[in-house]
Amino acid sequence: MKKIAIFASGSGTNAENIAKCFSDCKHIEVAVVLSNNPGAGVHERMKRLEIPSFTFSKDEFMTGDAVLKKLSEYDVDWIVLAGFMNRIPPVFMDGYPDRIVNIHPALLPKYGGKGMYGMHVHEAVVANGERESGITIHYVNERYDEGRIIFQAKCAVEPEDTPEDVAAKVHRLEYEHYPKVIERLLTGKV
């Protein structure tokens, strides 16, 4: 059985979707959720699903020791970022080489990098008159949104679409594809 730790900073809709998708899976388990935000909605979502969740401080995250210890306690094999708003320190990449993945709400390399997250991305897509957007699932490296791309899925952006419309389309792609790609990665089918 492969065990996942999800890192999340916000409401946790993607984390919840991933956890539900693997709730009856015999070979993949969401073992623990970790957050940098004690008030994040993800904690309440995980409580309902009976998945342990913990908050870490900035210092604990930057040095890595306490967080890596928690990952070890839960026998974590992979780290999955789902709405996690911090750059991952090198200590985690050393501990989990090519086993940390992220989802980005745009077709990288467009609309990536520091400050490009959530509605900021969708607003930029609409403001620039893009005809398509989508998701990118990628490995995490030391720079924001520059890790090797694993998978992309596209959606049309219509001239009348608002940033909220684009967000809704992108969220559908996230919920549909992220668990499937995680499963393929963990079972060696990517």
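The structure presented is a predicted model; accordingly, all values stated were derived computationally and were not measured.

Some remarks on the layout of surface pockets
Here is step 1 of the chain: For the largest pocket, the calculated volume is near 940 Å³.
Here is step 2 of the chain: Around the largest pocket sit 44 residues that line it, and G83, F84, M85, N102 and Y117 are the ones nearest its centre.
Here is step 3 of the chain: Contributions of two or more residues to the lining of the largest pocket are made by α1 (13–21), α3 (58–63), β5 (100–104), α6 (118–127) and α7 (163–186).

Re the pattern of salt bridges
Here is step 1 of the chain: Under the counting rule described, the total for this entry stands at 8 salt bridges.
Here is step 2 of the chain: Between K110 and E130 there is a salt bridge whose closest N-O contact spans 3.1 Å. With a gap of 20 residues between them, K110 in the loop between β5 and α6 and E130 in the loop between α6 and β6 (132–139) connect regions that are remote in the sequence.
Here is step 3 of the chain: Beyond isolated ion pairs, a larger network of salt bridges with shared partners links E16, K20 and R45.

Topic: unusual backbone geometry
Here is step 1 of the chain: Backbone torsion omega between L108 and P109 reads 15°, so that peptide bond is classified as cis.
Here is step 2 of the chain: Examined against the element boundaries, P109 turns out to sit in the loop between β5 and α6.
Here is step 3 of the chain: Located in the positive-phi region is D75, a residue other than glycine, with phi close to 50°.
Here is step 4 of the chain: Looking at the secondary structure, you find D75 in the loop between α4 (65–73) and β4 (78–81).
Here is step 5 of the chain: Of the residues examined, D75 reaches a relative accessible area of 51% and is grouped as exposed.

Criteria and cut-off values
Residues numbered from 1 in each chain as written. Predicted model: local features only at pLDDT ≥ 70, side-chain atom pairs only at ≥ 80, totals over all residues. Heavy atoms only, no water. 1 Å grid on protein atoms, 1.4 Å probe; cavity = no way out; pocket = protein on both sides within 12 Å on 5 of 7 lines; lining within 4 Å. Points joined across faces, edges and corners; volume = space filled by probe spheres on them. Helix = DSSP H or I, 4+ residues; strand = E, 2+ residues; numbered from the N terminus. Salt bridge = Lys/Arg side-chain N within 4 Å of Asp/Glu carboxyl O. Buried < 20%, exposed > 50% of the residue type's maximum accessible area, 1.4 Å probe, protein only.

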